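# Examination of the molecular architecture
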Amino acid sequence: MQDAIIELKGVSKFFDDACALADINLSIKNGEFLTLLGPSGCGKTTILRILSGFEKPSSGEVRIAGICMNGVPPEKRKVNTVFQNYALFPHMTVAQNVGFGLKMQGLPKDEISRRVAEVLRIVHLESFASRRPAQLSGGQQQRVAIARAVVNNPLVLLLDEPFSALDFKLRKEMQLEIKHLQRKLGITFVFVTHDQEEAFAMSDRVVVMDQGHIAQIGTPEQIYEEPENLFVARFVGEINILEAQICEVRESGQYGAIIDGALFPLRSRHTFAQGDKVMVLLRPEDLKIGAPDETDGPCLAGVIEESVYKGATVDIFIRLAGGQRLMAAEFFNEDDAEINYNPGEKVSVAWVDGWEVVLPDDPGHTDARHGRD
């Protein structure tokens, strides 16, 4: 990947008195698959509409391929959008739908036919060229919409939750198809979704949005394993949050902390002082459950409340001595008696040293699913 193909510099957007975007600074690399991830109303679709030219920023600058796009209409930008409903013309064939934009540009018929045939081969729809949208499945209609967008040779392809109308199995299939298509074309894709699993499966980088702000930018691994704040940690999967207090400042980035009455070694990129309250974040799969008398290092004492079989994994809910509820996830093995826990059984809870994420305390934090009742 080369230099940035898209740059948002200090972009804000207001709808009357409501702030949809607040001082957004974002660079998207040429050939990158970047996903805007967040809940409804967080501003991700507003960014897409500003990039496409359907909305104007209230302030700030939008640059595409180094050129300022402020005030440039959608049809003058080398950007195409695939919408949620695909917006196919029902009375046109697949080939006519795909070639419509080229026809509007006044290109010769033979060039239109050549380019349409080429892109239909890429999306594996060459044998469907004479069909109409109503004769296609949802996944095939989506591929027609993408073909219609890429046939114009855009610098950037914008996709606004294009899988929302598809069933679960087809969504999974199309995720792989779109990622393979992006690699084949080498076009920059900017994808919008509220589904974190979808974002992780497809993206080079993910931008997590929260109430018009960028909460974190990183690879899927960074977003999941190294969340920079509590919003990101909670939004991208299950998380256990333990309250702790720093009691020892050791080597750089290493601390001793009291958690539920036990002393644990912690590591963090943040700097803390003795006496600071912190939050220790642990994914369910990072927890280790054992018998109370089989623990070598520091651990938390708890009691099994329930376990939920999910096929490949078992979710185990534990109530700690201090009252907090944790969730652990272990891979299921029918020959492994260790995960056949019974309600009321006493256990110890620990984790691999260094797997925790330690953040400064947030006095307002609550965790309805795994916190105190």
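Residue positions are given per chain, counting from 1 as you read along its sequence in written order. Where totals are concerned, whole chains, interfaces and linings use all residues; where local detail is concerned, this predicted model gives features only for residues with pLDDT of at least 70, and gives and counts side-chain atom pairs only at 80 or more. Hydrogens and waters are ignored; side-chain quantities use all the structure's heavy atoms.

### What to know about the overall build of the protein chain
Each helix and strand in the protein chain was counted, giving eight helices and 20 strands. Seen through its C-alpha atoms, the protein chain measures out along the principal axes to roughly 80 × 50 × 35 Å. Relative accessibility under 20% of the residue-type maximum defines a buried residue, over 50% an exposed one, and the middle range a partly exposed one, all with a 1.4 Å probe and only protein chains included. Scored against the burial criterion, the 373 residues of the protein chain give a buried share of 47%. We call two residues contacting when some pair of their heavy atoms lies within 4.5 Å. Taking the contacts inside the protein chain whose residues are at least 6 apart along the sequence as the reference set, 67% of them involve residues at least 24 apart. The method behind every accessible area is Shrake-Rupley, applied with a 1.4 Å probe, and residues are considered shielded solely by the protein chains displayed. For the protein chain, the exposed surface amounts to about 18,400 Å²; the carbon and sulfur share of it is 49%. When charges are counted, neither His nor the chain ends are considered; positive counts come from Lys and Arg and negative counts from Asp and Glu. To locate a charge, the coordinates of NZ of Lys, CZ of Arg, CG of Asp or CD of Glu are taken. In the protein chain, 39 positive and 53 negative side-chain charges are present, and the distance between their average locations comes to 12 Å. By the criteria applied, helices consist of DSSP H or I runs no shorter than four residues and strands consist of E runs no shorter than two, each listed in order from the N terminus.

### As for the confidence of the model for the protein chain
A low pLDDT means the predicted coordinates there should not be read in detail. Every residue gets a pLDDT, meaning the predictor's confidence in that residue, from 0 to 100. On average, residues of the protein chain carry a pLDDT of 90, and 95% of them reach 70 or more. Within the protein chain, helix H5 (residues 168-185) has the poorest average pLDDT of any element, 85, and strand S10 (residues 213-218) the best, 98. Counting contacts from residues 367-373, a segment whose pLDDT is below 50, to residues more than four positions away or on other chains yields 21 contacts.

### With respect to the pattern of salt bridges
One speaks of a salt bridge when a side-chain nitrogen belonging to Lys or Arg is within 4 Å of a carboxyl oxygen belonging to Asp or Glu. Counted under the stated rule, the structure contains 18 salt bridges. Ionic pairing is found between Glu61 and Arg63, a salt bridge with its closest N-O pair at 3.3 Å. Glu61 sits in the partly exposed class, given a relative accessible area of 25%. The salt bridge involving Lys172 is made with Glu197; its shortest N-O contact spans 2.4 Å. You can see Lys172 sitting in helix H5 and its partner Glu197 sitting in helix H6 (residues 196-202), a full 25 residues away along the chain. Given the relative accessible area of 26%, Lys172 is considered partly exposed. One network of salt bridges, in which partners are shared, links Glu305, Glu306, Arg319 and Arg325.

### Overview of the nonpolar core
Proteins that are soluble and globular tend to have nonpolar side chains buried together. Val98, Ile146, Leu157 and Ile178 are the most contacted members of the largest nonpolar core, which has 34 residues in total. The set of elements that each furnish at least two residues to this core consists of helix H2 (94-104), helix H3 (109-122), helix H4 (138-150), strand S7 (156-160), H5 and strand S8 (188-193). The biggest single contributor to this core is H4, with six residues. When sequence neighbours within four positions are dropped, the list of residues in contact with Ile178 reads Phe33, Gln142, Ile146, Phe163, Phe189 and Met202. Within this scheme, the nonpolar core is defined by two criteria: the residues are buried Ala, Val, Leu, Ile, Met, Phe, Trp, Tyr or Cys, and they are joined through side-chain atoms within 4.5 Å. Judged by nonpolar contacts, the second largest core, of 28 residues, contains Ile246, Ala257, Val280 and Val347.

### Examining the packing of H4 against H5
Across the interface, H4 lies against H5 with an axial gap of 11 Å and an inter-helix angle of 20°. Here H4 lies roughly parallel to H5, going by the angle between them. H5 is crossed by H4, and the crossing has right-handed handedness. Note on element contacts: H5 touches H4 through Leu170, Met174, Glu177, Ile178, Leu181 and Leu185, opposite Gly138, Gly139, Gln142, Arg143, Ile146 and Val150. Classes in brief: Ala, Val, Leu, Ile, Met, Phe, Trp, Tyr, Cys and Pro nonpolar; Asp, Glu, Lys and Arg charged; the others, Gly included, polar. In the contact of H4 with H5, the residues fall into seven nonpolar, three polar and two charged. Helix axes use the C-alpha atoms of the stretch in contact, all axes being lines fitted to C-alpha atoms, and the angles between their N-to-C directions lie in the range 0 to 180 degrees. For classification purposes, an angle smaller than 35 degrees is called roughly parallel, one larger than 145 roughly antiparallel, one from 65 to 115 roughly perpendicular, and anything else oblique. Crossing handedness follows the turn of the near helix against the far one: under a right angle anticlockwise gives a left-handed crossing, and clockwise gives a right-handed one.

### Observations regarding the sheet that holds strand S18 (residues 325-331)
On the basis of which strands lie adjacent, the open sheet formed by five strands has the order S15-S19-S16-S17-S18 and antiparallel pairing. Because the sheet does not close on itself, it has two edges, and the strands there are strand S15 (287-290) and S18. Each adjacent strand pair in this sheet contributes to an overall mean axis angle of 45°, direction not counted. Following DSSP output, two strands are said to pair if at least two bridges run between them.

### Digging into the packing of aromatic side chains
Here a pair means two rings of Phe, Tyr or Trp (six-membered ring of Trp) with centres within 6.5 Å. Their orientation is stacked below 30 degrees between planes, edge-to-face above 60, and tilted elsewhere. For the coordinates displayed, the defined rule picks out nine aromatic pairs. Both rings, one in Phe33 and one in Phe189, keep their centres 5.6 Å apart while their planes meet at 45°; by these two values the pair is tilted. Here the residue Phe33 occupies a position in strand S3 (residues 33-37), and Phe189 occupies one in strand S8, the gap between them amounting to 156 residues. For the pair Phe33 and Phe189, a shared accessibility class is recorded, and that class is buried. Aromatic side chains Phe231 and Phe235 sit 5.7 Å apart centroid to centroid with 15° between the ring planes, which places their arrangement in the stacked category. Within this pair, Phe231 and its partner Phe235 are both found in helix H8 (residues 230-235), separated by four residues, close to a single helical turn. Overall, the relative accessible area of 25% leaves Phe231 in the partly exposed class. Within the aromatic cluster, the residues linked to one another by ring pairs are Phe33, Phe163, Phe189 and Phe191.

### A few points about the side chain of Arg77
Tracing the chain through its elements places Arg77 in the loop between strand S5 (67-68) and strand S6 (79-82). Under this definition, polar contacts are N or O atom pairs within 3.5 Å; protein pairs additionally need one hydrogen-donor-capable and one acceptor-capable atom, and for neighbouring residues in sequence, both atoms have to be side-chain atoms. Side-chain polar atoms of Arg77 contact the backbone oxygen of Ile50, separated by 3.0 Å. At 2.9 Å, the side chain of Arg77 and the backbone oxygen of Leu51 are in polar contact. If we skip the residues at most four places from it in the chain, Arg77 touches Ile50, Leu51, Ser52, Gly53, Met69 and Val72.

### Side note on the pairing of strand S17 (residues 313-320)
Among the eight residues in S17, seven count as buried, and that is most of the element. As defined by bridge partners, strand S16 (residues 300-309) adjoins S17 across seven bridges and the pair is classed as antiparallel. Note on S17: the bridge partner recorded for Gly302 is Leu320. Remark: three residues form the turn of the hairpin made by S16 and S17, two consecutive strands paired antiparallel; Gly311 in that turn has positive phi of roughly 90°.

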